[in-house]
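Remarks on the overall topology
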Amino acid sequence: MKYTQLGRTGLKVSRLVLGTMNFGPQTDEPDSHAIMDAALASGINYFDTANVYGWGENKGRTEEIIGTWFANGGGRRDKTVLATKVYGNMSGDGDVWPNHDRLSAVNIRRAVEASLRRLQTDHIDIYQFHHIDRRTPFEEIWQAVEVLIQQGKILYAGSSNFPGYKIAQANETAARRGTMGLVSEQCLYNLAERRAEMEVIPAAREYGLGVIPWSPLHGGLLGGVLKKEAEGSRRRDGRSASALESTSMREKVQAYEDLLDKHGLEPGETALAWLLTRPGVTGPIVGPRTTEQLESALRAVELELGEELLTSLDEIFPGPGPSPEAFAW
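Residues numbered from 1 in each chain as written. Predicted model: local features only at pLDDT ≥ 70, side-chain atom pairs only at ≥ 80, totals over all residues. Heavy atoms only, no water.

Let's shift gears to the pairing of strand β7 (residues 154–160). If a strand is regular, its side chains alternate between the two faces of the sheet. Of all seven residues that make up β7, six are buried, and the element is covered over most of its length. Summarising the sheet, strand β6 (residues 124–129) and β7 pair through five bridges and their orientation is parallel. Each residue of the ladder has a partner; that of Phe129, found in β7, is Ser159. With respect to chirality, the unit in which β7 leads through helix α6 (residues 164–176) into the neighbouring parallel strand β8 (residues 182–188) is right-handed. (Buried < 20%, exposed > 50% of the residue type's maximum accessible area, 1.4 Å probe, protein only. Helix = DSSP H or I, 4+ residues; strand = E, 2+ residues; numbered from the N terminus. Pairing = 2+ DSSP bridges. Right-handed = clockwise from strand over helix to strand, strands pointing away.)

Shown next, in the form of structure tokens:
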């Protein structure tokens, strides 16, 4: 495994991030533990989760699965850089209470304590805001974060799904308070969805945030979906299904798969390897449902993409161009 610094921090993290969203809903606890064991054995030290994972009546279940894995000992917690998120409402279904969601100081305090209990740990390394909160000022958010850092319950703060201007607003407010501010941003970013290059990634780089792309295969769209469909081994759903309803996107995906077939490359591994070449990217989140899927993702770290191939990929999936030139003279 290769490692890099997380943004401007001194924290070393793996170039792949283990996403755990499938743990519970799609992968049972024993298999989830096996995947985490395999990830740690391979050198992946950066694990990402969220308090709402598990979804529906099982919100929090994913954190619980990680917590029982930590409780197995063997230095698991000490070797893991643990990131979780706050924002979604954690009240029971049909029992939604005010102040049990978003980023008020009240909810941040409540959510941290609940996550720590589920995760069976005394601290969270990177505590991330899962979405912007238009109702809560950053002065209040940072006041709550500062208290938690002083208590040793969290070490760093990160964001997810923030637009560029909110990254700037958050870190300018933190700077006025003499604190570190955001150190990472999780955003939707992959070959087929490159809008983050216009504002989000430039803002992250300007303020020293590590960029953590989620959905690196765009819901399976970049994982060889057309070939698998032709073989009858995959039924399209979710993001890939809606994207392929567009004739132009289907043509792009076909060109992508044909190009990689010519080079003898696997689509999913190439999509991950492409992200690892992008400026500002710390590492993409991979969310394996099986250990076999994890092994495929690991091969991407060693994959070298030549300039000719990178140029061809840009021709198939062009980015938006820099801001403001992309929309101005």
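Time to look at the nonpolar core. Among the nonpolar cores identified, the biggest contains 80 residues, and Leu18, Phe129, Trp142 and Tyr256 are the most heavily contacted of them. Residues in contact with Phe129, not counting those within four places in the same chain, are Val86, Leu103, Ile141, Trp142, Val145, Ala157, Gly158, Ser159, Ser160, Phe162 and Leu182. Among the nonpolar cores identified, the runner-up in size contains twelve residues, and Leu6, Val13, Val17 and Ile126 belong to it. (Core = buried A, V, L, I, M, F, W, Y, C linked by side-chain atoms within 4.5 Å. Contact = heavy atoms within 4.5 Å.)

So, on to the sheet that holds strand β4 (residues 46–48). Across the sheet, eight strands lie side by side as β9-β8-β7-β6-β5-β4-β3-β10; this open sheet has parallel pairing. Here the strands that pair on one side only, and so sit at the sheet edges, are β9 (210–214) and β10 (285–286). Relative to strand β5 (residues 81–86), β4 is paired through three bridges, and the arrangement is parallel. Across the sheet, the residue bridging to Asp48 is Ala83, located in β5. The strands that helix α5 (residues 138–150) touches are β6, β7 and β8; relative to β7, the one it contacts most, it runs at about 150 degrees. (Axes fitted to C-alpha atoms, helices over the stretch in contact; angles between N-to-C directions.)

Let's shift gears to the pattern of salt bridges. In this structure the tally under the stated criterion is 16 salt bridges. Close ionic contact of Glu139 with Arg176 constitutes a salt bridge, the shortest N to O distance being 3.9 Å. Of this pair, Glu139 sits in helix α5 while Arg176 sits in helix α6, placing them 37 residues apart in sequence. Using a relative accessible area of 38% as the deciding quantity, one classes Glu139 as partly exposed. For Arg176, a relative accessible area of 61% puts it in the exposed group. (Salt bridge = Lys/Arg side-chain N within 4 Å of Asp/Glu carboxyl O.)

For the rest of this paragraph, the subject is α5. Between the first and last C-alpha of α5 there are 18 Å, a value that for 13 residues agrees with the 18 Å anticipated at 1.5 Å per step. Within α5 the residues assigned to the buried category are Phe138, Ile141, Trp142, Ala144, Val145, Glu146 and Leu148. Gly152 sits one or two residues past α5 and shows a positive phi near 80 degrees. (Expected span 1.5 Å × (residues − 1).)

Okay, helix α2 (residues 61–71) next. What α2 keeps buried is the set Thr62, Glu63, Ile65, Ile66, Gly67, Trp69 and Phe70. Against the buried residues of α2 lie α1 (29–42), β4, α3 (76–79), β5 and α4 (105–119).

Turning next to the side chain of Lys166. Relative to the helices and strands, Lys166 is located in helix α6. Among buried Asp, Glu, Lys and Arg side chains, Lys166 stands out as unpaired, with Asp133 the closest opposite charge at 8.3 Å. When residues no more than four places from it in sequence are discounted, the contact partners of Lys166 are Ile132 and Phe138. (Lys, Arg positive; Asp, Glu negative; His and termini not counted.)

Moving on to the environment of Ala255. Following the sequence through the fold, Ala255 ends up in helix α10 (residues 247–263). Assessed through its relative accessible area of 32%, Ala255 is described here as partly exposed. Spatially, the C-alpha atom of Ala255 lies 9.9 Å from that of Ser312, the residues being 57 residues apart in sequence.

Once that is clear, we can look at unusual backbone geometry. Each neighbour pair has its own omega, and for Ser323 with Pro324 the value is 10 degrees, a cis peptide bond. Position of Pro324 relative to the elements: it lies in the segment after α13 (307–316). The phi angle at Gln120 is positive, at roughly 55 degrees, despite the residue not being glycine. Note on placement: Gln120 falls in the loop between α4 and β6.

The next thing to look at is the packing of aromatic side chains. On inspection of all chains with the given rule, the structure shows seven aromatic pairs. With a centroid separation of 5.5 Å and an interplanar angle of 45 degrees, the aromatic rings of Tyr53 and Trp55 are classed as tilted. Taken together through their ring pairs, the aromatic side chains of Phe47, Trp69 and Phe70 make up a single cluster. A cation over a ring is seen here: Arg77 above Phe70, with NZ or CZ 5.4 Å from the ring centre. (Phe/Tyr/Trp six-rings, centres within 6.5 Å; stacked < 30°, edge-to-face > 60°. Lys NZ or Arg CZ within 6 Å of the ring centre and 35° of its normal.)

Attention shifts here to the packing of α10 against α13. Here α10 crosses α13 at 165 degrees, and the two axes come no closer than 10 Å. Classified by the interaxial angle, the pair formed by α10 and α13 is roughly antiparallel. Crossing of α10 over α13 shows right-handed handedness. Residue-level inspection shows Lys252, Ala255, Tyr256, Leu259, Leu260 and His263 of α10 in contact with α13, the latter providing Leu309, Ser312, Leu313 and Ile316. Looking at the contact of α10 with α13 residue by residue, the class counts come to seven nonpolar, two polar and one charged. (Parallel < 35°, antiparallel > 145°, perpendicular 65-115°, else oblique. Left-handed = near helix turned anticlockwise from the far one by under 90°. Nonpolar A, V, L, I, M, F, W, Y, C, P; charged D, E, K, R; others polar.)

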